[in-house]
Amino acid sequence: MPKIRRGNFVFVTWVGDHGPRHVHIYKDRSLVVKWDLVNRCAMKGRATRRILEHIRDLEEEGLL
């Protein structure tokens, strides 16, 4: 279970989790958004511009 901290957010993925490939993003231990990495859309919650920037950066770094 990779857990990555960026800014005030924690990005969590689980190996073997259900498809599509996605990341759970928390702030202050509360789920902010569950983001579909394949279709690039929110599965639950809403992604802010800052969260989308972090996702882009993490993908470019090969961490997501």
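Rules of the game
- Residues numbered from 1 in each chain as written.
- Predicted model: local features only at pLDDT ≥ 70, side-chain atom pairs only at ≥ 80, totals over all residues.
- Heavy atoms only, no water.
- Pairing = 2+ DSSP bridges.
- Helix = DSSP H or I, 4+ residues; strand = E, 2+ residues; numbered from the N terminus.
- Buried < 20%, exposed > 50% of the residue type's maximum accessible area, 1.4 Å probe, protein only.
- Contact = heavy atoms within 4.5 Å.

Peer 1: Just checking my understanding: could you explain the pairing of strand 4 (residues 30–36) for this structure?
Peer 2: Regular strands place their side chains on alternate faces of the sheet. Direction of pairing for strand 3 (residues 22–27) relative to strand 4: antiparallel, over a ladder of six bridges. Bridge assignment links K27 to a residue of strand 4, and that residue is S30. One ladder, built from four bridges, connects strand 4 with strand 5 (residues 41–45); its direction is antiparallel. In the strand pairing of strand 5, W35 is matched with A42.

Peer 1: How do you make sense of the side chain of H54 when you look at a structure like this?
Peer 2: When you line up the elements, H54 lands in helix 1 (residues 49–60). With a relative accessible area of 13%, H54 lands in the buried category. When neighbours within four sequence positions are excluded, H54 is seen to be in contact with R6, G7, F9 and F11.

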